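Each chain, written out:
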Amino acid sequence: MQARDSLMFITQRPDITFVRGDGSWLYDAEGHAYLDFVQGWAVNSLGHSPRIVREALAAQSERVINVSPAYYNEPMRRLAGLLARLSGLDRVFFANSGAEANEGAIKLARKWGSMKRAGAYQIVVFEDAFHGRTLATMSASGKPQWQDLYEPKVSGFVRVPRNDLSAARRAIGPNTAAVMLEPIQGEAGVVPFSNEFLRGLRELTGELGVLLVLDEIQTGIGRTGRMFHFEHAGIRPDVMTLGKGIGAGVPLAALLAREDVCVFEAGDQGGTFNGNPLMTAVGYAVVQEISRPAFLADVERNGEYLAARLRALSEELGLGEVRGQGLLLALELRHEVGSKVVEAALARRLLINAPRPTALRFMPALNVTRDEIDQMLGILRDAISNF
Ligand SMILES: *Cc1c(COP(=O)(O)O)cnc(C)c1O
């Protein structure tokens, strides 16, 4: 039943109102505890209401909450410097959502193409891609359900199959400015590009003189056990976008690029809240915490543990493959029972997500404990056994 209220309908929500969160746990108005392995879609990288975020918000709100994107503020400069140092990219533009960061990447690639590659404007993208919900990023996405929605789409995107280097090579022509991809396609059901493909694509784009744009909005900021996913393949993109986990729950995203790609002139790009000191102060505290080698090593270890336990469960119940890296994992089910399993898990007070009818996705807080992983698996086993 849809609750009667004044919210515009966009999705069917269960009739639960959450009032409090703490780490891996959410509490409803009656005080029931729910184990959260969705975490705002991989957003709450440090769990619910973490001390680090609360302290950064409190301290910065005492100093200054908003300046104006037309002036410098301290946290925006500090966070940009930290991200540049960690990524090896040179410059950062802050945004409020992943889609907005990707819009910025698309604009930057088009402007770069118009100036440095004789008017090239096309962007090669991939089947099943997800880059956000603005009109341009929906057009860049390859979600089959969006095919006929909000027509006409923004033109200029050329789509190719995943992990097919010769198809990518054929798609790149004189009008191509960039190739854009998520190293692991999260919304598609945690579907990874191979490291060989990523290395091949890095070489190919370099050779043909087009930009490699990585959308690390879901895979970045420690999610896969490295600060950025591209480290697994030993490559570096020309342009990268970050979002979700970078704000650990506050709206923050970023567009990063190599120095010679940064071709925006005054007035080309902006936004009212961009680089807001309250959000960038949180981002700085979050990125400092997650980039600690010991923190990332824990993500990797706990990711391996969760994957191993999911594989054991899959074997026991005769389910399919376990995919992904770090704490971004999916379990393939035998039948199209994903939403039924999600419902059965919710009835047992476990929050999980089914990005596809046949797949479950796990994206817990990066500081989830072994005990919470074990509890999740116990509930999941019980929920799946019904189908
Ligand atoms: C979530 C996501 C986006 C969109 O981010 P929003 O903050 O929802 O606009 C874009 N790309 C990827 C890979 C994502 O996972």
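Here the structure is shown first, and the text comes after it.
Just so you know, the residues in each chain are numbered from 1, in the order the chain's sequence is written. Per-residue local features of the predicted model are confined to residues with pLDDT of at least 70, and side-chain atom pairs are confined, for both listing and counting, to 80 or more; whole-chain, interface and lining totals are unaffected and use all residues. With hydrogens and water stripped out, all remaining heavy atoms of the structure feed into the side-chain values.

Caption draft 1: Inspection of the environment of S194 at higher detail. Helix and strand labels come from DSSP, where a helix needs a run of H or I of at least four residues and a strand needs a run of E of at least two; each type is numbered from the N terminus. With respect to the helices and strands, S194 occurs in the loop between strand 9 (191-192) and helix 7 (195-208). On the accessibility criterion, S194 (26% relative accessible area) is partly exposed. Between the C-alpha atoms of S194 and S49, which are 145 residues apart in sequence, the distance is 35 Å. Only protein chains enter the accessibility calculation, which uses a 1.4 Å probe; a residue is then buried when its area is under 20% of its type maximum, exposed when over 50%, and partly exposed in between.

Caption draft 2: Layout of the site of the ligand. Taken together, S97, G98, A99, N102, F130, H131, G132, E182, D215, I217, Q218 and K244 form the complete shell of residues around the ligand. A99 places a main-chain nitrogen or oxygen 2.7 Å from an oxygen atom of the ligand. Counting of polar contacts relies on pairs of N or O atoms within 3.5 Å, with two restrictions inside protein: one atom must be capable of donating a hydrogen and the other of accepting it, and residues adjacent in sequence are counted only when both atoms are side-chain atoms. Between a nitrogen atom of the ligand and a side-chain N or O atom of D215, the distance comes to 2.7 Å. Sorting elements by how many residues they give to the shell around the ligand places helix 4 (residues 98-116) first, with three residues. Lys, Arg, Asp and Glu make up the charged group, whereas Ala, Val, Leu, Ile, Met, Phe, Trp, Tyr, Cys and Pro make up the nonpolar group; the residues left over, Gly among them, are polar. When its residues are assigned to classes, the shell around the ligand shows three nonpolar, six polar and three charged. If a single non-hydrogen atom of a residue is within 4 Å of a molecule or strand, that residue counts as near it.

Caption draft 3: Representation of the layout of surface pockets within the structure. Volume-wise, the second largest pocket comes out at about 900 Å³. Only protein atoms enter the 1 Å grid used here. Points where a 1.4 Å probe fits but cannot escape make up a cavity, open sets with protein on both sides within 12 Å along at least five of seven lines make up a pocket, and a residue lines them when an atom lies within 4 Å of a point. As for the second largest pocket, its lining consists of 29 residues, of which Y72, R91, V92, F93 and F94 are closest to the centre. Counting residues per element, the ones that place at least two in the lining of the second largest pocket are helix 3 (74-87), strand 4 (91-95) and strand 12 (253-257). Of the residues contributing to the lining of the second largest pocket, the split by class is 17 nonpolar, seven polar and five charged. Grid points are joined across faces, edges and corners, and a volume is the space filled by probe spheres set on the points.

Caption draft 4: How the structure looks around the sheet that holds strand 3 (residues 33-36). DSSP-based pairing: two strands are paired if at least 2 bridges between them are found. With mixed pairing, the four strands of this open sheet are ordered in space as 1-2-3-15. At either margin of the open sheet sits one strand with a lone partner, and together these are strand 1 (18-22) and strand 15 (350-351). Pairing of strand 2 (residues 25-28) with strand 3 involves three bridges; the strand directions are antiparallel. The residue bridging Y27 from the neighbouring strand is A33, located in strand 3. In this analysis, two residues are considered to be in contact whenever any of their non-hydrogen atoms come within 4.5 Å of each other. Here, axes are lines fitted to C-alpha atoms. For helices the fit covers the stretch in contact, and angles between N-to-C directions go from 0 to 180 degrees. Along the sheet, helix 12 (residues 370-384) makes contact with strand 2, strand 3 and strand 15, crossing strand 3 at roughly 100°.

Caption draft 5: Representation of a nonpolar patch on the surface. Surface patches are defined over residues having more than 30% relative accessible area and no salt bridge, joining like charges when they lie within 9 Å and nonpolar side chains (Val, Leu, Ile, Met, Phe, Trp, Tyr) when within 5 Å. Where accessible areas are quoted, they stem from the Shrake-Rupley method and a 1.4 Å probe; at the residue level, only the protein chains shown are allowed to cover. For salt bridges, the criterion is a side-chain nitrogen of Lys or Arg within 4 Å of an Asp or Glu carboxyl oxygen. Together, V64, V67 and Y71 line one region of the surface with nonpolar side chains, adding up to about 260 Å² of accessible area. For V67, the location among the structural elements is in the loop between helix 2 (51-63) and helix 3. Given the relative accessible area of 33%, V67 is considered partly exposed.

Caption draft 6: Up close: the packing of aromatic side chains. Here a Phe, Tyr or Trp ring, Trp counted by its six-membered ring, pairs with any other such ring whose centre lies within 6.5 Å, and the pair is stacked when the planes are under 30 degrees apart, edge-to-face when over 60, and tilted otherwise. Inspection of every chain in the model, using the stated rule, returns six aromatic pairs. Relative to W146, the ring of F130 lies with its centre 5.5 Å away and its plane at 50°, an arrangement referred to as tilted. Here F130 is found in the loop between strand 5 (122-126) and helix 5 (135-140), whereas its partner W146 is found in the loop between helix 5 and strand 6 (157-160), with 16 residues between them in sequence. Taken as a pair, F130 and W146 share a single burial class, namely buried. One aromatic cluster in this structure is built from F126, F193 and F197. Definition used: whenever NZ (Lys) or CZ (Arg) falls within 6 Å of the ring centre and also within 35 degrees of the ring normal, the charge is taken to sit over that ring. For the cation-ring pair, R20 lies above Y27, with the distance from its terminal atom to the ring centre recorded as 4.1 Å. The ring of Y284 carries R78 above its face, with NZ or CZ at 5.1 Å from the centroid.

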